[in-house]
Amino acid sequence: MTANCILERVSETKSTNDDLLIRWRAGELIDPVARIAHKQTAGKGRAGRTWLANPEDSLCFSLAFPFKRRPAELSGLSLLVGLAVIAGISQACDLSEAALHAAGLHLKWPNDLLLNNNKLGGILIEGGQAKADDPTWMIIGVGINLRNPEAIEANLDAGVKASSLSQITKTLPDVEYLWLKLIASLENHLTEFDLHGFKSCKDSWMKWDAYQNKPVCISGTGKDPIYGIAKGVDETGALLLQQDNKTIAIHAGDVSLRIQS
Ligand code: ATP
């Protein structure tokens with residue numbers, strides 16, 4: 001079900017997110033566009049970080065999607081995208097979501113897919129509303145490691161662990177098939193999200209939460225690290241941290257969540 005989505009395949013680009021961002025800023029986007037690159041040479045993470053991809057071992061694409069909601073009403077979007085990616089993987093791999101969960105697939109607030117605590121995929125969301133009455137265009141980048149996580153890991157900072165879809169299933173789906181399933185799932189989830197927001201997805205997200213009830217640390221707020229016990233998310237997708245006798249909400253920004261060491 002990709003009837004309303006333009007599909008673009010390129011052999012090489014720096015960043016599929018940047019490609020679509022440029023077109024959004026130039027006012028060129030009308031319908032949703034999904035753009036996949038065989039080789040992405042300058043993939044982006046959040047806050048200027050890098051997303052690494054090896055052409056034969058990675059799936060990297062971006063989807064530009066127009067929302068009726070204003071940017072301020074999109075809280076929880078990166079969490080919802082995580083759920084959509086899991087549903088797409090489930091369909092493409094012909095594995096139930098319960099089987100994926102049992103294999104160790106989880107979501108790390110606010111934007112990562114983890115497999116047994118090692119990073120399987122990343123989500124980067126950019127965009128906005130150019131002017132009042134325009135749709136809010138969000139460019140949703142998804143990177144998933146398909147195989148050979150060791151090759152990726154060799155180029156990551158020491159201690160950062162990567163995982164791959166091949167560690168869940170020996171028979172990896174064809175990349176094109178996986179991509180189409182992911183787009184279909186994203187389109188369904190994003191359309192629902194535009195109507196109802198994150199609230200109705202909160203309980204589903206909690207089932208995939210990698211850090212539920214774990215002692216964690218939040219850094220990157222420009223202030224001292226914030227410590228607490230992770231208690232899932234609220235109806236806006238904010239992370240709930242229990243501290244002594246109070247619970248505080250952390251809103252997604254450029255903050256990093258880590259298990260307390
Ligand atoms: P944090 O882990 O601090 O929350 P993040 O999850 O937001 O950061 P992103 O910006 O989404 O991180 O992703 C970039 C980071 O992911 C890089 O700094 C690197 O550590 C790691 N990384 C980059 N490419 C890959 C990859 N292919 N597989 C696994 N991890 C990767």
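Here is what the cut-offs are and how they apply
- Residues numbered from 1 in each chain as written.
- Predicted model: local features only at pLDDT ≥ 70, side-chain atom pairs only at ≥ 80, totals over all residues.
- Heavy atoms only, no water.
- Pairing = 2+ DSSP bridges.
- Helix = DSSP H or I, 4+ residues; strand = E, 2+ residues; numbered from the N terminus.
- Near = heavy atom within 4 Å.
- Polar contact = N/O pair within 3.5 Å; in protein donor to acceptor, adjacent residues only side chain to side chain.
- Areas by Shrake-Rupley, 256 points an atom, 1.4 Å probe, with all protein chains shown as cover.
- Nonpolar A, V, L, I, M, F, W, Y, C, P; charged D, E, K, R; others polar.
- Axes fitted to C-alpha atoms, helices over the stretch in contact; angles between N-to-C directions.
- Domains from an automatic or database assignment.
- Contact = heavy atoms within 4.5 Å.
- Buried area = accessible area lost by both parts, 1.4 Å probe.

K.L.:
How do you make sense of the pairing of strand 8 (residues 118-128) when you look at a structure like this?
P.N.:
Strand residues, when the strand is regular, have side chains that alternate between the two faces of the sheet. As judged from the four bridges shared by strand 7 (residues 112-115) and strand 8, these two strands associate in the antiparallel manner. By the bridge assignment, D112 is partnered in strand 8 with G122. Hairpin remark: strand 7 followed by strand 8, antiparallel, with two residues in the connecting loop; positive phi at N116, about 45°. Note: strand 8 against strand 9 (residues 136-145), eight bridges, orientation antiparallel. Opposite E126, over in strand 9, you have I139 as the bridge partner.

K.L.:
Even after reading the chapter, I still don't get the site of the ligand, so can you show me in this structure?
P.N.:
Neighbouring the ligand are 17 residues, the closest being R46, L52, D112, K119 and S256. Contact distances for the ligand include 3.1 Å between an oxygen atom and a side-chain N or O atom of R49. Interatomic distance of 2.9 Å between a side-chain N/O atom of K119 and an oxygen atom of the ligand. Relative to its unbound accessible surface of 630 Å², the ligand loses 92% to contact with the protein. Of all elements in the fold, only strand 4 (50-51) and strand 14 (256-259) reach the threshold of two or more residues within the shell around the ligand. Of the residues that constitute the shell around the ligand, the class distribution is six nonpolar, five polar and six charged.

K.L.:
Explain the sheet that holds strand 13 (residues 246-250) here, please?
P.N.:
Think of a sheet as strands paired side by side through backbone hydrogen bonds, with each pair either parallel or antiparallel. The strand order 13-12-11-10-14 describes an open sheet built from five strands, whose pairing is antiparallel. In this open sheet, the two edge strands, each paired with only one partner strand, are strand 13 and strand 14. Sheet twist, expressed as the average angle between the axes of neighbouring strands with direction ignored, equals 45°. Where strand 12 (residues 239-243) and strand 13 come together, five bridges link them in antiparallel fashion. Looking across to strand 13, one finds that L239 is bridged to I250.

K.L.:
Please clarify how the domain arrangement of the protein chain should be interpreted in this entry.
P.N.:
How big an interface is tends to be reported as the loss of accessible area on association of its parts. According to the domain assignment, the protein chain contains domain 1 (6-207) and domain 2 (215-259). Relative placement of domain 1 and domain 2: their C-alpha centres are 23 Å apart. Opposite the 14 residues of domain 1 that make contact, domain 2 presents 19 residues. Across the interface of domain 1 and domain 2, roughly 1,200 Å² is buried in total on both sides, 62% from carbon and sulfur atoms.

K.L.:
Would you take a moment to explain the sheet that holds strand 5 (residues 58-67) for this structure?
P.N.:
Overall, mixed pairing links the seven strands, which are arranged 1-2-5-9-8-7-6 in an open sheet. What marks the edges here is a single partner per strand, and that holds for strand 1 (6-13) and strand 6 (105-108). Between one strand axis and the next, the sheet turns through 20° on average, direction left out of account. Examined bridge by bridge, strand 1 and strand 2 (residues 33-40) share seven bridges and lie parallel to one another. Residue L7 lies in a different strand from strand 2, and its bridge partner there is A34. Strands in contact with helix 1 (residues 16-25) are strand 1, strand 2, strand 5, strand 8 and strand 9; relative to strand 2, the strand with the most contacts, it is inclined by about 140°. Helix 2 (residues 77-93) rests against strand 5, strand 6, strand 7, strand 8 and strand 9 of the sheet, and its axis sits at about 130° to strand 8.

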